[in-house]
Amino acid sequence: MENKQAELTAFCLKNIKQQNLKEAVKACIELNTTYPNNFEGWRLAGILHKNFNKPNAGLISTSRALELKPNDPEILIQQFNFLNQLERVDDSKKILSTLASLKVTESDVNSQIAMLFSSEEMHYEAIKKYKAAIMGDPNNYLLHFNLAVAYRFIGELGSCENSLNTCLRLNSQDSEAQSMRSSLKKQTVNENHIDELLEISKDLQINSVNKSGIYYALAKELDDLDEFNKSFSFLKKASKLRRDSMQYDVEIDTKIMSKLKETFKNSSINKSEDFDSGPTPIFILGLPRTGSTLLERILDCHSEIISYGELDYLGREIVTLCREITEDKKLSTLKLIEYSKNINFADLKNNYLRKAISKNINCAYFIDKLPLNFLYVAHIFKSFPNAKVIHMKRHPIAFCFAIYKQSFRDIYPYSYDLKDIAEYYISYKNLMDHWRELFPDMIYELSYETLVKNTQVEIEKVCEFCNLAFETGCLKFFENKSPVTTASATQVRQPIYTRSVDRWKNFEHHLEPFSSILTKNGINLD
């Protein structure tokens, strides 16, 4: 009997690993029918339910597994994912609370819990679990890197640097760790990592991904030392390696922005329509690296505003509602835009709010600062006629330099080529001009340069736009302890500084491929 149980378990597991899921399902059904008190069978059922995207069935299998092995962390993680998929927020939070209280000895399990906490922006809890994981596996460089990331998010930059140094002692070619360490502070002639980075870059065994990251780190440190030409030479190499590694056509994005203009030619919103009771959204949008995180941190210090960071719910809900009004399951992005004009905007509002905010929120406003929401300005005002939309902008060449020198993980593929950046910028500017014409006096324009030079005056104006009184606490944003998960995580921990405002001018001649295209298209660069 025991042999048969073991055989079925091994057969099921083998087929799951080989993605022979039909065979795995047959074995799993026989296993759980014949041996209903076998924990492993229900654990495997949970894995299969995840593969088949069946969260309700997954809750049954994980509940059976937890009856046999209460508070098993792997099953709790499975169950959390199913609950999350079903938007059962309160039950999901209970799972997180249980996981936080568990005393786990296995390093890999602690690591899984820590990664889950990180994904839920529970960075203090993640740090505890990463430390526990490191206790069991001290030579795992990835654990030290992940711990460093969590420290950076909460602003503990000294601890972040220590963890990065440990990570790099174990694996000096970890380019993400090298880049992050270089970004933590301004490097000096007497204290930098340039020689180490140059040595690593010459290693013939280093792959292109890591080489690109090392070049980004070199570019940053040489920039700190005012070695501008050398800095840009490494920046150009780094960007080329990234661009060559991806399949991307900027024309796809420019067509999307043109289609949005074509689809939404007029405004038909009812400004007198009131919200249901609850907070009003403030959408901070525009292009990345234009000061949106700085503004968010400042406003998050206001007693009547809470920030939820960069939420991706708006775009996702638009797509979901589009698919509900057509049987065509293979809609192109351009077709989705056409359908999005006719979705139920009350449903969009309700679905978005249900996912975006906590039931217990006690503020007048909440912030969603996803830059890409600039694509959805029409959808925003049709769903939230009283929403506050703040468009962050920056000198075009300053923006170009800021995004070109930043290595992103999975977003902004146009940022690795100066001509792509130019084409994207032109389309973005045309779309924003269109939104301003369509919704006059409803979009607040704020430039990064003005914000850092006249912070209090500009924040007073923003508060007035939001029908709020200015609070002096907003000016102490750098004391805000809440986590920051964007590329500006280091900068916004400091008081306002202006040294980066015109730094692009040291690289202006290198950025000519960008600026010349803008000039030809009539965009003023003065």
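Residues numbered from 1 in each chain as written. Predicted model: local features only at pLDDT ≥ 70, side-chain atom pairs only at ≥ 80, totals over all residues. Heavy atoms only, no water.

Q: Report on helix H25 (residues 512-520), specifying residues and quantitative values.
A: Each α-helix turn comprises 3.6 residues. Residues three or four places apart therefore point the same way. Of the positions making up H25, those classed as buried are Phe514, Ser515, Ser516, Ile517 and Leu518. Buried residues in H25 make contact with helix H21 (396-404) and helix H22 (418-438). Gly522 occupies a position one or two residues after H25 and carries a positive phi of about 75°. (Buried < 20%, exposed > 50% of the residue type's maximum accessible area, 1.4 Å probe, protein only. Helix = DSSP H or I, 4+ residues; strand = E, 2+ residues; numbered from the N terminus. Contact = heavy atoms within 4.5 Å.)

Q: Please give an account of the pattern of salt bridges that cites residues and values.
A: Two side chains bearing opposite charge may form a pair once their charged atoms approach each other closely. Enumeration over the complete set of coordinates arrives at 30 salt bridges. For Lys355, the salt bridge is made with Glu87, and the minimal N-O distance between the two is 3.2 Å. With Lys355 in helix H19 (residues 345-356) and Glu87 in the loop between helix H5 (73-85) and helix H6 (89-101), this pair connects stretches of sequence that are 268 residues apart. By relative accessible area, Lys355 is classed as partly exposed at 28%. In this structure Glu87 comes out as partly exposed when scored by relative accessible area, which is 33%. For Lys393, the salt bridge is made with Glu445, and the minimal N-O distance between the two is 3.4 Å. Residue Lys393 is located in strand S4 (residues 388-393), and its partner Glu445 is located in strand S5 (residues 443-447); the two are separated by 52 residues in the primary sequence. Via salt bridges that share partners, Lys393, Lys429, Asp433, Arg436 and Glu445 belong to a single interconnected network. (Salt bridge = Lys/Arg side-chain N within 4 Å of Asp/Glu carboxyl O.)

Q: Run through the packing of helix H17 (residues 313-324) against H19, naming residues and quoting values.
A: The contact between H17 and H19 brings their axes to 10 Å, and the two run at 135°. In terms of orientation, H17 lies oblique with respect to H19. Crossing handedness for the pair H17 and H19: right-handed. For the pair formed by H17 and H19, the contact residues are Tyr313, Leu314, Glu317, Ile318 and Leu321 on the first element and Asp347, Leu348, Asn351, Tyr352, Lys355 and Ala356 on the second. Broken down by class, the residue content of the contact of H17 with H19 amounts to seven nonpolar, one polar and three charged. (Axes fitted to C-alpha atoms, helices over the stretch in contact; angles between N-to-C directions. Parallel < 35°, antiparallel > 145°, perpendicular 65-115°, else oblique. Left-handed = near helix turned anticlockwise from the far one by under 90°. Nonpolar A, V, L, I, M, F, W, Y, C, P; charged D, E, K, R; others polar.)

Q: Just give me the short version of the pairing of S5, but keep the residues and values in it.
A: Looking along a regular strand, one sees the side chains alternate between the two faces of the sheet. Across the five residues that make up S5, a large majority, four, are buried. As paired strands, S4 and S5 are joined by five bridges and run parallel to one another. Its bridge partner lying in S5, Lys393 is registered against Ser447. (Pairing = 2+ DSSP bridges.)

Q: An account of the side chain of Arg394 is needed here, citing residue identities and associated values.
A: Residue position: Arg394 is located in the loop between S4 and H21. One buried charged residue, Arg394, forms no salt bridge at all, with the nearest opposite charge on Glu449 at 4.5 Å. In this structure the side chain of Arg394 is engaged in a polar contact, spanning 2.7 Å, whose partner is the backbone oxygen of Arg289. Ignoring sequence-local partners within four residues, the contact set of Arg394 consists of Arg289, Thr290, Phe399, Ala402, Tyr425, Tyr448, Glu449 and Ser500. (Lys, Arg positive; Asp, Glu negative; His and termini not counted. Polar contact = N/O pair within 3.5 Å; in protein donor to acceptor, adjacent residues only side chain to side chain.)

Q: So what about the nonpolar core? Which residues, and what values?
A: Ranked by size, the top nonpolar core spans 84 residues in total, and within it Phe283, Phe374, Tyr414, Ile421, Trp435 and Phe514 carry the most contacts. Sort the elements by how many residues they give to this core and H22 lands first, with 11 residues. Ignoring anything within four residues of it in the chain, the contact list for Ile421 reads Phe399, Cys400, Ile403, Tyr404, Tyr414, Ser415 and Phe514. Ranked by size, the runner-up nonpolar core spans 55 residues in total, among them Cys28, Ile95, Ile127 and Cys167. (Core = buried A, V, L, I, M, F, W, Y, C linked by side-chain atoms within 4.5 Å.)

Q: How would you summarise the pairing of strand S3 (residues 365-368) if you had to cite specific residues and measurements?
A: The side-chain alternation of S3 yields two buried faces, one formed by Tyr365 and Ile367 and the other by Phe366 and Asp368. One ladder, built from four bridges, connects strand S1 (residues 280-286) with S3; its direction is parallel. Opposite Thr280, over in S3, you have Tyr365 as the bridge partner.

Q: Could you give an account of the sheet that holds S1, with specific residues and numbers?
A: One open sheet accounts for five strands, arranged S2-S3-S1-S4-S5; its pairing is parallel. Strands with a single pairing partner mark the edges of an open sheet, and in this sheet they are strand S2 (305-307) and S5. Going across the sheet, the axis of each strand differs from the next one's by a mean of 25°, ignoring polarity. Of the strand pairs in this sheet, S2 and S3 are connected by three bridges, and their pairing is parallel. When the sheet's bridge partners are listed, Ser307 is paired in S3 with Ile367. Set on the sheet, helix H24 (residues 455-465) makes contact with S4 and S5; between it and S5 the angle comes to about 170°.

Q: Tell me about the environment of Pro396, and please be specific about residues and values.
A: Tracing the backbone through its elements, the reader meets Pro396 in helix H21. Expressed as a C-alpha distance, the spacing of Pro396 and Ile523, which sit 127 residues apart in the sequence, is 9.0 Å. Apart from residues no more than four positions distant in its own chain, Pro396 is found in contact with Tyr425, Phe514, Leu518, Asn524 and Leu525.

Q: Talk me through unusual backbone geometry; I want residue IDs and the actual numbers.
A: Positive phi, close to 60°, is recorded for Gln19, a residue that is not glycine. Looking at the element boundaries, Gln19 is found in the loop between helix H1 (2-17) and helix H2 (21-34). At Asp441, a position not held by glycine, the phi torsion is positive, near 65°. The residue Asp441 is located in the loop between H22 and S5 in this model. Residue Asp441 is classed as exposed on the basis of its relative accessible area of 78%.

Q: Any chance you could break down the side chain of Thr326 for me, citing the residues and the numbers?
A: Take Thr326: it is sitting in the loop between H17 and helix H18 (333-340). A polar contact is formed between the side chain of Thr326 and the side chain of Tyr339, at a distance of 3.5 Å. Apart from residues no more than four positions distant in its own chain, Thr326 is found in contact with Leu331 and Tyr339.

Q: For the packing of helix H3 (residues 39-51) against H5, give the residues involved together with the corresponding values.
A: Relative orientation of the contacting elements H3 and H5 amounts to 30°, with a least axis distance of 11 Å. Taken together, H3 and H5 sit at an angle that is classed as roughly parallel. The crossing of H3 and H5 is left-handed. Between H3 and H5, the residues in contact are Phe39, Arg43, Gly46, Ile47, His49 and Lys50 and Glu74, Ile75, Gln78 and Phe82, respectively. Tallied by class, residues from the contact of H3 with H5 come to four nonpolar, three polar and three charged.

Honestly, it's all geometry; don't read function into it.
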